[in-house]
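Secondary and tertiary structure notes
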Amino acid sequence: LVNADAPVSLLLNGGGEDRTLTNQDNGDWTFFDPERPTETGLRNGEGYSVTVTDLPADQYCTVTNGNGQIDAGPVDDVVVECFPLESFDVCMTVVLPAGASNVSVSLNNGLEDASFSFGDQCFTTQLETFQSYEVTVTEAPKGASCTVYNGTGEMGLTNVDGIFVVCENETGVIQDWPNGGEELFMGFAYDIEWRETLDPDQTIDIELWSYDSGSDTATYFSDIALAEDQEFFGSYKWTVPSSGGGVPAGQYMIRIVTDDGAYESMSDSAFTVVDAFPWAYFRELDITSSKVATPTGYIMPLQLDTATFDYDNVLEDGRDIRFASINNPTEESDFNIAYWIDEWNPEGESLLWLNLPTLPAQTTTTFYMFYGYDLAQGVSTFPGVFTGRREFTSIQDPLVGDFGTGSDAANPIEWFEVPDEQVIPLGGSINVVQIESHVIKIDGTINGSGKSFFDNITGGNPNGNVGEDGAGSPDSSEGGAGAGGGAYGGAGGDGGTNGLETPEGGGAYGSFASNGNIFPGCRGGAGTSANAGFGLGGGGISLTAEWFILDTGNAILMNGANGGDGRGSGAGGGAGGGILINATNGYVRGELSANGGDGGDGLNTAPGDLARGGGGGGGGRIKVFHSPSVELNYTTSVTGGAGGTGNA
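Please read these numbers as outputs of a predicted model, since none were measured by experiment.

A separate point is the overall build of the protein chain. From N to C terminus, the protein chain includes zero helices and 46 strands. Buried residues in the protein chain amount to 47% of all 648 residues. Summed over its atoms, the accessible surface of the protein chain is roughly 29,500 Å², and 46% of this surface lies on carbon and sulfur atoms.

Below you can see the structure in the form of structure tokens.
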């Protein structure tokens, strides 16, 4: 007997009689037969079974080698080992019919009551080994019945996970909302919701019934609407008539009935129609326009944070937020400012976009934000704010050509986005990618590094702005000469000389002052061997936006590529490309980079030969033109690439 925290009683069944060892402590023990005192054990051939009859508190014990038959000798390998009692989870798989949100279940008749949704679920209360468990359904989803499989048993030494709670619909239509207890306010819109479970092609009649709490009876009041062909799930946005509109304040119920009358479902209890304004909080918001013209449908962001906004007064997802041009709305149509929740973080910063009906020029406009209504249904809408959207989410979706400008000017864009953590490349090209949108939001990275085949030849050396190709060895004593680096904002580095030739780097070009032009970087020169490919230049990108957003941790990269290593001479590095930003509002906080690529190394062709590296690519150009309202906190880098090395 080992690891017992208190004395244990053991039972030996054998030879037709029971024998006991009572209150034994840890150690070695022997059963004996008090009726046969001269025989301390069992006879040869008799069977035996050892069990534990009295357990220590908070322990369970196992018996190893406790069953067998006497075989011409003593049995001395029976081990009784005790362990601390442990607690384990009671888990189940919940299967719900389409549209049902949860089922109410109970563990051991109220030890824990819980409401579980579809999928694998566990009670928070754990049970000890050997404790009995029973799982029952206390409330099925509306219109459904539920069956529990494998719902009873005894806890073992692991979690219980073989229980199934399966619920199935019993009726052809189920009315979901409002289902009783809600307050609906005159003049405001709500979604009446139902589910069809048998025949999705039926049409549905939505009826309003008045409810008399004194007699506990409901009476047909009026039809609300006929919604046709709602496939399985239906909803109808009902605007409760304004005061005097035919539905007086009082208590009501909703009845959903199929067109053939075969199936119907009603609110479980009454809801109340109230003649009042339901939103508890509002705040004034002022915006001052410096524009000369008066835009129609002006789109603007609204940032909320814990320092300026109390999230405790708004629903957890912000769906109760509304905006209006007046401070005393009395019906749904008074909320005339569409909005979209872009980012929502109740513990930090949230970003909303609003579409103001108008913004008078050279003046301050006040509008109003309302929030704090538990039954409000979400009206956040991207299409209601932005009419055109381009979103790039995959490296298989590279940026090529124009967007909202240039050759694409006939298709204006209001929203252009690189989503969170996405890295979107430029397609290989000799052209600048031009993007013009009301909003440009870069939550990831635009990477145009090594994407330019640009070979402008208008510079001051024989090859213009492209690095000059490397030269082969005129004789074995001289070796090859490295290729020159490409140029853009800075000149490319010269290739390593072989004493006879020094391939030149490209000459710088373009202007830092103009906000109307940007170019890609030029490629470097090629090395003298096939594998010494020239480094491509960084791409060029032009971004123009009313609202430009590049946050910390995100980047625009237009770096040149490194030149290839080669026997005889290394190739030239590509020049850094171009980044042009024109922003009226917003913030530029991320990384902007247009570095030149390094020159390739030259490798000896034979013992005694000499080889030279390629020149590094010149740095590119980064231009940020902005109004005073743009927040600037970005980093830039336009460093030229290092020259390659030679070896012997």
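Once you've had a look at it, read on.
For the rest of this paragraph, the subject is the nonpolar core. Grouped together as the largest cluster of nonpolar side chains are 33 residues, with contacts concentrated most on Phe323, Trp353 and Leu354. Of all the elements in the fold, those that place two or more residues in this core are β26 (281–288), β27 (296–304), β29 (338–343), β30 (350–358), β31 (364–371) and β38 (540–550). Apart from the residues lying within four places of it in its own chain, the contact partners of Leu354 are Tyr298, Ile299, Met300, Leu302, Phe323, Ile337, Ala338, Tyr339, Phe367 and Val385. By size, the runner-up hydrophobic cluster in this structure holds 30 residues, among which are Trp238, Val274, Tyr373 and Ala376.

Time to look at the side chain of Gln175. Assignment of secondary structure puts Gln175 in strand β17 (residues 173–177). Looking at Gln175, the relative accessible area reads 0%, which means it is buried. Among the polar contacts made by the side chain of Gln175, one reaches the main-chain carbonyl oxygen of Trp177 at a distance of 3.2 Å. Ignoring any residue separated from it by four or fewer positions in sequence, one finds Gln175 in contact with Lys142, Glu193, Trp194, Ile254, Ile256, Ser265, Met266 and Ser267.

Read from one edge to the other, the open sheet built from three strands follows the order β27-β30-β29, with strand pairing classed as antiparallel. Looking at strand neighbours, the two that pair on one side only are β27 and β29, the edges of this open sheet. Sheet twist, expressed as the average angle between the axes of neighbouring strands with direction ignored, equals 20 degrees. Sheet topology note: the β29/β30 ladder contains five bridges and is antiparallel. Across the sheet, residue Ala338 finds its bridge partner in β30, namely Asn355.

For the structure on display, the rule yields 38 aromatic pairs. Among the aromatic residues, ring-to-ring pairing joins Trp177, Phe185, Phe188, Tyr190, Phe277, Trp279, Phe282, Phe335, Tyr368, Phe370 and Tyr373 into one connected group. One residue, Arg621, lies across the ring of Tyr488, its end atom 5.5 Å from the ring centre.

Inspection of every chain in the model, using the stated rule, returns three disulfides. Disulfide partner of Cys61: Cys82, at an S-S distance of 2.1 Å. On the sign convention where negative means left-handed, the S-S torsion of about 95 degrees between Cys61 and Cys82 marks this disulfide as right-handed. One end of the pair, Cys61, is in strand β4 (residues 59–64); the other, Cys82, is in strand β6 (residues 79–84), and 21 residues separate them in sequence. As far as burial versus exposure is concerned, Cys61 and Cys82 are alike and both buried.

With that out of the way, let us pick up the environment of Val439. Relative to the helices and strands, Val439 resides in strand β36 (residues 433–442). Separated by 139 residues in the primary sequence, Val439 and Met300 have C-alpha atoms spaced 9.0 Å apart. If sequence neighbours within four positions are ignored, Val439 has contacts with Trp353, Phe386, Glu414, Trp415, Phe416, Ala545 and Trp547.

Before going further, it helps to spend a moment on the pattern of salt bridges. With the rule as written, the count across this model stands at 13 salt bridges. A salt bridge links Arg589 to Glu631; its shortest N-O distance comes to 3.0 Å. Of this pair, Arg589 sits in the loop between β41 (578–588) and β42 (591–593) while Glu631 sits in strand β45 (residues 631–632), and the two are 42 residues apart along the sequence. Judged by relative accessible area, Arg589 falls into the buried class, the value being 17%. A single network of salt bridges, built from pairs that share partners, joins Asp342, Glu343, Lys441 and Asp443.

Looking at the element boundaries, Glu417 is found in strand β34 (residues 413–418). Under the relative-accessibility criterion, Glu417 is labelled buried at 7%. Polar side-chain contacts of Glu417 include one of 3.0 Å to the side chain of Trp415.

This part is about the pairing of β17. Regular strands have side chains that alternate between both faces of the sheet. Counting buried residues along β17, four of its five residues qualify, which places the element largely inside the surrounding structure. By the bridge criterion, four bridges tie β17 to strand β19 (residues 189–196) in an arrangement that is antiparallel. Paired with Val173 across the bridge in β19 is Glu196.

Before going further, it helps to spend a moment on the environment of Pro178. Within the fold, Pro178 resides in the loop between β17 and β18 (183–185). Residues Pro178 and Glu193, spaced 15 residues apart in sequence, show a C-alpha to C-alpha distance of 7.4 Å. Discounting chain neighbours no more than four positions away, the residues touching Pro178 are Ile192, Ile254, Ser267 and Phe271.

Most of β38 is tucked away, with ten of its eleven residues classed as buried. With nine bridges connecting them, β36 and β38 associate as parallel partners. Bridge assignment links Ile440 to a residue of β38, and that residue is Phe548. Strand direction decides the pairing type here: β38 and β41, joined by ten bridges, are parallel. The residue bridging Thr544 from the neighbouring strand is Asn582, located in β41.

Here the focus is the sheet that holds strand β9 (residues 103–107). If you trace the four strands from one edge of the open sheet to the other, you get β10-β9-β13-β15, paired in antiparallel fashion. The open sheet is flanked by β10 (112–116) and β15 (152–154), the only strands paired with a single partner. Between one strand axis and the next, the sheet turns by 25 degrees as a mean value, whatever way the strands run. As defined by bridge partners, β9 adjoins β10 across five bridges and the pair is classed as antiparallel. Within β10, the position partnered with Val103 by the bridge is Phe116.

On the secondary structure map, Val433 appears in strand β36. Given a relative accessible area of 3%, Val433 falls into the buried group. Distance in space between the C-alpha atoms of Val433 and Phe403 is 8.0 Å, their sequence separation being 30 residues. Residue contacts for Val433: discarding those within four places in its chain leaves Leu399, Val400, Gly401, Phe403, Leu426, Gly540, Ile541 and Ser542.

Let's shift gears to unusual backbone geometry. In this structure, the amide linkage connecting Trp177 to the following residue, Pro178, adopts the cis form with an omega of -5 degrees. Positive phi, normally seen in glycine, also occurs at Asp216, with a value near 55 degrees. Relative to the assigned elements, Asp216 resides in the loop between β20 (204–212) and β21 (217–227). One non-glycine residue, Glu421, lies in positive phi territory at about 65 degrees. Secondary-structure assignment places Glu421 in the loop between β34 and β35 (423–425).

Criteria and thresholds
- Residues numbered from 1 in each chain as written.
- Predicted model: local features only at pLDDT ≥ 70, side-chain atom pairs only at ≥ 80, totals over all residues.
- Heavy atoms only, no water.
- Helix = DSSP H or I, 4+ residues; strand = E, 2+ residues; numbered from the N terminus.
- Buried < 20%, exposed > 50% of the residue type's maximum accessible area, 1.4 Å probe, protein only.
- Areas by Shrake-Rupley, 256 points an atom, 1.4 Å probe, with all protein chains shown as cover.
- Core = buried A, V, L, I, M, F, W, Y, C linked by side-chain atoms within 4.5 Å.
- Contact = heavy atoms within 4.5 Å.
- Polar contact = N/O pair within 3.5 Å; in protein donor to acceptor, adjacent residues only side chain to side chain.
- Pairing = 2+ DSSP bridges.
- Axes fitted to C-alpha atoms, helices over the stretch in contact; angles between N-to-C directions.
- Phe/Tyr/Trp six-rings, centres within 6.5 Å; stacked < 30°, edge-to-face > 60°.
- Lys NZ or Arg CZ within 6 Å of the ring centre and 35° of its normal.
- Disulfide = S-S within 2.5 Å.
- Salt bridge = Lys/Arg side-chain N within 4 Å of Asp/Glu carboxyl O.

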